[in-house]
Amino acid sequence: MDLNINEIIKKRRATPPKFLSKKELPEEVIHQLLENANWAPTHKNTEPWRFKVYRGKSKNKLASEVFNLLQKKIAEGKAINPQKAEKLKTALENVPVLIVIVFQRDIAQRIPEWEEIAAVSMAVQNMWLTATTLGLGAFWATPHFFPLLNEIFEIGPTQKLLGFFYVGEIALDYPSTGRGEVETKTEWYQ
Ligand SMILES: Cc1cc2nc3c(=O)[nH]c(=O)nc-3n(C[C@H](O)[C@H](O)[C@H](O)COP(=O)(O)O)c2cc1C
């Protein structure tokens, strides 16, 4: 796809997993997304983004593990909507690629945490825009029960799970929510 930067930015959509095709993506495509993520800006060069890529069998195994853990937590009385647990399992089974987004805090904590989370978000945006240029759909999912999944992803004390990034071919276009006018969010000073 040959789009300019303005077109790419506006074409990027949060395409829900059920609107993505199940078709596998070539490994080079996933490498390209990760390579571009790795070029996000980063204060003090902490490069705080970490990724875990699941496809095929590993992804389906993960779908069951996540679902079983959530069932256990529900049985223990945690406030998790069972339908959301089911929806997450279906999403994991259906999307061709799952990239787990992890934040790795600078051990020396030289900069505020928010700056590093901002850097991870910029890495995600790089992947998302790259997916758009390749004609692919993507989605960043952050269910409220995410911290309960830490044990599955072996999230260490200096890390945080920031969500699931789904990528795949677009089976059905998802409409844009649009945006309010930027002028209502901007103050100009002359
Ligand atoms: C940090 C972050 C987390 C998000 N988490 C969710 C989520 O858990 N569920 C969801 O439906 N959308 C999630 N979204 C996507 C937004 O819903 C989506 O960006 C918004 O609806 C605007 O649509 P667009 O991105 O296609 O313009 C998330 C977006 C961001 C930036």
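Residues numbered from 1 in each chain as written. Predicted model: local features only at pLDDT ≥ 70, side-chain atom pairs only at ≥ 80, totals over all residues.

(A) Summary view of the site of the ligand. Close to the ligand lie Arg13, Ala14, Trp140, Ala141, Thr142, Pro143, Gly163, Ser176 and Thr177. Classifying every residue of the shell around the ligand by side-chain character gives four nonpolar, four polar and one charged. (Near = placed C-beta within 6 Å. Nonpolar A, V, L, I, M, F, W, Y, C, P; charged D, E, K, R; others polar.)

(B) Main features of the pairing of strand S4 (residues 159–169). Buried residues dominate S4, accounting for eight of its 11 residues. Note that strand S2 (residues 97–104) and S4 share eight bridges and pair antiparallel. Residue Val97 lies in a different strand from S4, and its bridge partner there is Val167. (Buried ≥ 20, exposed ≤ 12 C-beta atoms within 10 Å, placed from the backbone. Helix = DSSP H or I, 4+ residues; strand = E, 2+ residues; numbered from the N terminus. Pairing = 2+ DSSP bridges.)

(C) Geometry of the pairing of S2. For S2, the buried fraction is high: six of the eight residues fall into the buried class. The pairing of strand S1 (residues 49–55) with S2 spans seven bridges and is classified as antiparallel. In the sheet register, Arg55 faces S2, and the bridge partner there is Val97.

(D) Fine view of the packing of helix H3 (residues 56–75) against helix H4 (residues 82–94). Closest axis-to-axis distance for the H3/H4 pair is 8 Å, and the angle between their directions is 170°. When the interaxial angle is binned, H3 and H4 end up roughly antiparallel. Across the interface between the two elements, Lys59, Asn60, Leu62, Ala63, Val66, Phe67, Leu70, Gln71 and Ile74 of H3 pack against Pro82, Ala85, Leu88, Lys89, Leu92 and Glu93 of H4. Its residues assigned to classes, the contact of H3 with H4 shows 10 nonpolar, two polar and three charged. (Axes fitted to C-alpha atoms, helices over the stretch in contact; angles between N-to-C directions. Parallel < 35°, antiparallel > 145°, perpendicular 65-115°, else oblique. Contact = placed C-beta atoms within 7 Å.)

(E) A look at the nonpolar core. Grouped together as the largest cluster of nonpolar side chains are 35 residues, with contacts concentrated most on Met127, Ala138, Phe165, Tyr166 and Val167. Listed by contribution, the elements that provide at least two residues to this core are helix H2 (27–37), H3, H4, S2, helix H5 (113–133), strand S3 (136–141) and S4. Per-element tally for this core: the top contributor is H5, with seven residues. (Core = buried A, V, L, I, M, F, W, Y, C linked by C-beta atoms within 7 Å.)

(F) Main features of the environment of Lys89. For Lys89, the position within the fold is in helix H4. In sequence terms Lys89 and Asn60 are 29 residues apart; their C-alpha atoms lie 8.8 Å from each other. Here Lys89 is in contact with Ala63, Val66 and Phe67, once residues within four sequence places are set aside.

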